[in-house]
Amino acid sequence: MSHAIRIQQADFDVGAEWAELQRQLAGRAGAMASFCGVVRDQFDAQAIQDLELEHYPGMTERSIEAVLQRADARWTLDATLVIHRVGCLRPAEQIVLVMTAARHRQAALESCAFIIDSLKTEAVFWKRERSTSGERWIDSTSADHTRAARWRNERQ
């Protein structure tokens, strides 16, 4: 099982990442799933100008690795990839890519959803949003925590 975690300022090419993962797997996986998140242009009827993400190198990667380890314990995965951008991002720019590969589609799809739900509440990032009404620091929402808790409750 291979994990790849990249924290970067540069944008990423989803198609190129997909093709590279498929090449690395060389037919071992029967399913690949992905999620690509983008910066929204509005929140609570306010136009978003930009979103700035900061991270603490090492700590952020460890928090993401812990999520991937839990996914490994729950599903039989052949590969996972998480790319998360930092810096100043504008609406419609890509912010995160999660890709999973497994022998079967259910494992690929469920693990991809699990990872993104977990990243929203556990990955160590500081997010500041600038809108037409000013700036605000963003925390995980109650909906984010509810989605993440769903995965814990399903294990019981």
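The structure under discussion appears in the preceding block.
Just so you know, these numbers come straight off a predicted model, no measurement behind them.

Caption draft 1: Focus on the overall build of the protein chain. When its secondary structure is counted, the protein chain shows four helices and nine strands. The C-alpha radius of gyration computed for the protein chain amounts to 16 Å, which stays within 12% of the reference 15 Å derived for 156 residues, consistent with globular compactness. Taken along the three principal axes of its C-alpha coordinates, the protein chain extends 50 × 40 × 30 Å. Residues classed as buried in the protein chain amount to 42% of the 156 residues present. Excluding contacts between residues fewer than 6 apart, the proportion of contacts in the protein chain whose partners are at least 24 apart in sequence is 78%. In the structure as shown, the protein chain presents an accessible area of about 8600 Å², 49% of it carried by carbon and sulfur atoms. Charge centroids of the protein chain, computed over 20 positive and 22 negative side chains, lie 4 Å from each other.

Caption draft 2: A look at the nonpolar core. Core analysis: the biggest nonpolar cluster contains 29 residues, and Ile 64, Val 98, Ile 115 and Leu 119 have the highest contact counts within it. When residues of this core are traced back to their parent elements, those giving at least two are β2 (31-38), β4 (46-54), α2 (59-74), β5 (77-85), β7 (94-102) and α3 (105-122). Per-element tally for this core: the top contributor is α3, with seven residues. Discounting chain neighbours no more than four positions away, the residues touching Ile 64 are Ile 5, Ile 7, Val 82, Leu 119, Ala 123 and Phe 125. If you look at the next biggest cluster of nonpolar residues, it comprises 11 residues, including Leu 25, Met 32, Leu 97 and Ala 101.

Caption draft 3: The side chain of Gln 94, seen in detail. By secondary structure assignment, the location of Gln 94 is in strand β7. A distance of 2.8 Å separates the side chain of Gln 94 from the side chain of Asp 11, its partner in a polar contact. One polar contact links the side chain of Gln 94 to the main-chain carbonyl oxygen of Phe 12, over a distance of 2.7 Å. In this structure Gln 94 touches Asp 11, Phe 12, Val 14, Cys 36, Gly 37, Val 38, Arg 85 and Leu 89, once residues within four positions along its chain are discounted.

Caption draft 4: Representation of unusual backbone geometry. One non-glycine residue, Ala 26, lies in positive phi territory at about 50 degrees. Among the secondary structure elements, Ala 26 is positioned in the loop between α1 (14-25) and β2. Residue class for Ala 26 comes out exposed when judged on its relative accessible area of 61%.

Caption draft 5: Spatial organisation of the environment of Ala 66. Relative to the helices and strands, Ala 66 is located in helix α2. The class for Ala 66 is partly exposed, based on a relative accessible area of 36%. Expressed as a C-alpha distance, the spacing of Ala 66 and Val 39, which sit 27 residues apart in the sequence, is 25 Å.

Caption draft 6: Geometry of the packing of aromatic side chains. Under the defined criterion, the tally for this structure stands at three aromatic pairs. Here the aromatic cluster, defined as three or more aromatic residues joined through ring pairs, consists of Trp 75, Phe 114 and Trp 151. Directly above the aromatic system of Trp 151 lies the positively charged group of Arg 150, at a separation of 4.3 Å from the ring centroid.

Caption draft 7: Structural context of the sheet that holds β2. Strand order across the open sheet formed by four strands is β1-β5-β7-β2, with mixed pairing between neighbours. Each edge of the open sheet is held by one strand with a lone partner, namely β1 (2-8) and β2. On average, each strand axis in the sheet is inclined to that of its neighbour by 5 degrees, with strand direction left out of account. Direction of pairing for β2 relative to β7: antiparallel, over a ladder of eight bridges. The partner of Ala 33 across the bridge, within β7, is Thr 100. Where α2 meets the sheet, its contacts fall on β1 and β5, and the angle it forms with β1 comes to roughly 150 degrees.

Parameters at a glance
Counting restarts for each chain: residues are numbered from 1 in the order of the written sequence. Two thresholds apply to this predicted model, a pLDDT of at least 70 for residue-level local features and 80 or more for giving and counting side-chain atom pairs, whereas whole-chain, interface and lining totals are computed over all residues. Values reported for side chains reflect all heavy atoms of the structure, with hydrogen atoms and water molecules removed beforehand. Strands are runs of DSSP state E lasting at least 2 residues, helices are runs of H or I lasting at least 4, and numbering of each runs from the N terminus. With C-alpha atoms as the basis for the radius of gyration, the globule rule is written as 2.2 Å multiplied by the number of residues raised to the power 0.38. Throughout this description, buried means an accessible area under 20% of the type-specific maximum (1.4 Å probe, protein chains only), exposed means over 50%, and partly exposed covers the range between. Whether two residues are in contact is decided by their heavy atoms: any pair within 4.5 Å suffices. Exposure was quantified through the Shrake-Rupley algorithm and a 1.4 Å probe, taking into account, for residues, occlusion by the shown protein chains and nothing else. Only four residue types enter the charge count: Lys and Arg as positive, Asp and Glu as negative, with His and the chain ends excluded. Where a charge lies is defined by one atom per residue type, namely NZ (Lys), CZ (Arg), CG (Asp) and CD (Glu). Residues enter a nonpolar core if they are buried and are Ala, Val, Leu, Ile, Met, Phe, Trp, Tyr or Cys, with the set joined through side-chain atoms within 4.5 Å. Pairs of N or O atoms within 3.5 Å make up the polar contacts considered here, provided that, within protein, one atom can donate a hydrogen while the other can accept it, and that residues adjacent in sequence are counted only when both atoms are side-chain atoms. Any Phe, Tyr or Trp ring, taking Trp's six-membered ring, that has another such ring centre within 6.5 Å forms a pair; planes under 30 degrees apart are called stacked, those over 60 apart edge-to-face, and the others tilted. Charge-over-ring placement is defined geometrically: NZ (Lys) or CZ (Arg) within 6 Å of the ring centre, and within 35 degrees of the ring normal. A pair of strands counts as paired when DSSP detects no fewer than two bridges linking them. Helix axes are fitted to C-alpha atoms over the stretch in contact, other axes to C-alpha atoms as well, and angles between N-to-C directions run from 0 to 180 degrees.

In short, the description is geometric, and any link to function would need to be established separately.
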